[in-house]
Amino acid sequence: ETPPSPMADGKLRFINDYNGNTSTVFHGDTVVYSGKVLAYQLTGGGDDYFYVQSNVGDQYVFSLCDASGTVRIEDFGGYPAGVFGNWLIVTGYNISDEEGRETVYDLRTMQPADMGPSAVSSANQIGDRLVINTADGMGVYVVDTLEQLEFYPGWYGDPLSSWTSQTLSETAQDFLMMNLYDPDTGNSQYRLYNPLTGVSYDNVSSYLDGDYFSVEVGDTYEIYDLTTGGMVDSDWRSYN
């Protein structure tokens with residue numbers, strides 16, 4: 001009796017030849033895609049979706065494939081930020097397209113979604129919230145419906161984990177570090193914000209460790225506890 005293949009687990013695997021610009025994609029132990037493109041894992045796509053990148057002239061063309069290797073969306077424009085719920089979020093747009101490109105596709109229909117924001121630069125999911133950064137500011141959406149809950153003009157936000165090497169507590173993992181840059185002064189404002197609860201703290205100086213962060217108030221630095229929201233210390237010296 002032939003033993004089962006150790007690769008027959010339903011996972012997507014990729015073999016890329018960057019010199020030859022070719023890829024082979026396995027779904028479990030079955031080859032589902034092979035060609036003169038480069039194939040990649042898609043953030044949030046799990047073992048259901050991947051994308052391929054091909055060169056057309058001096059531009060990259062990105063297409064979405066399902067686990068069977070079938071192309072489901074051909075040339076969706078910019079770089080794929082990832083799959084969030086039922087949505088494929090696409091960053092940027094093809095520079096030859098003066099009108100820009102669609103930035104959100106509905107994976108249930110594989111068609112553009114009407115409510116998609118324009119000029120997306122990044123997207124991150126926190127719980128059931130989707131945070132999308134655009135050229136105009138940061139929007140907070142419900143993942144299931146893409147209903148916009150908040151919009152912060154000029155602000156840019158990323159998960160706190162991408163801003164620090166400190167150990168995050170369970171509470172801190174739900175927070176974003178938001179940044180508002182003033183081109184006139186060259187200065188930035190920083191804000192800690194939880195898109196699940198709406199809790200925010202302005203004038204953040206630095207995230208310290210665990211639940212603690214520092215806020216600058218005039219010539220004073222205050223330490224706050226994210227768990228309680230209370231101040232635990234205040235001093236003229238900055239904290240590290």
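Quick caveat: nothing in here was measured; it's all calculated off a predicted structure. (Residues numbered from 1 in each chain as written. Predicted model: local features only at pLDDT ≥ 70, side-chain atom pairs only at ≥ 80, totals over all residues. Heavy atoms only, no water.)

1. With respect to the environment of S162
Piece 1. Inspection of the secondary structure puts S162 in the loop between β16 (155-159) and β17 (176-182).
Piece 2. Sequence-wise, S162 and L176 are 14 residues apart; in three dimensions their C-alpha atoms are separated by 9.1 Å. (Helix = DSSP H or I, 4+ residues; strand = E, 2+ residues; numbered from the N terminus.)

2. Here we look at the pairing of strand β5 (residues 49-56)
Piece 1. In terms of burial, β5 is a largely internal element, six of the eight residues being buried.
Piece 2. The pairing of strand β4 (residues 38-41) with β5 spans four bridges and is classified as antiparallel. Bridge pairing in β5 links Q41 to F50.
Piece 3. Looking at chain direction, β5 and strand β6 (residues 59-66) are connected through eight bridges and run antiparallel. Bridge pairing links N55 to Y60 in β6. (Buried < 20%, exposed > 50% of the residue type's maximum accessible area, 1.4 Å probe, protein only. Pairing = 2+ DSSP bridges.)

3. Description of the side chain of D106
Piece 1. Of note, D106 is situated in strand β10 (residues 104-106).
Piece 2. Excluding anything up to four places from it in sequence, D106 contacts N86, W87, Q111 and A113. (Contact = heavy atoms within 4.5 Å.)

4. Structural notes on the packing of aromatic side chains
Piece 1. Taken as a whole and assessed by the stated rule, the structure comprises 14 aromatic pairs.
Piece 2. Their ring planes at 55 degrees and their centres at 6.1 Å tell us that Y51 and F62 sit as a pair that is tilted. Here the residue Y51 occupies a position in strand β5, and F62 occupies one in strand β6, the gap between them amounting to eleven residues.
Piece 3. A relative accessible area of 5% means that Y51 is categorised as buried.
Piece 4. Under the relative-accessibility criterion, F62 is labelled buried at 6%. (Phe/Tyr/Trp six-rings, centres within 6.5 Å; stacked < 30°, edge-to-face > 60°.)

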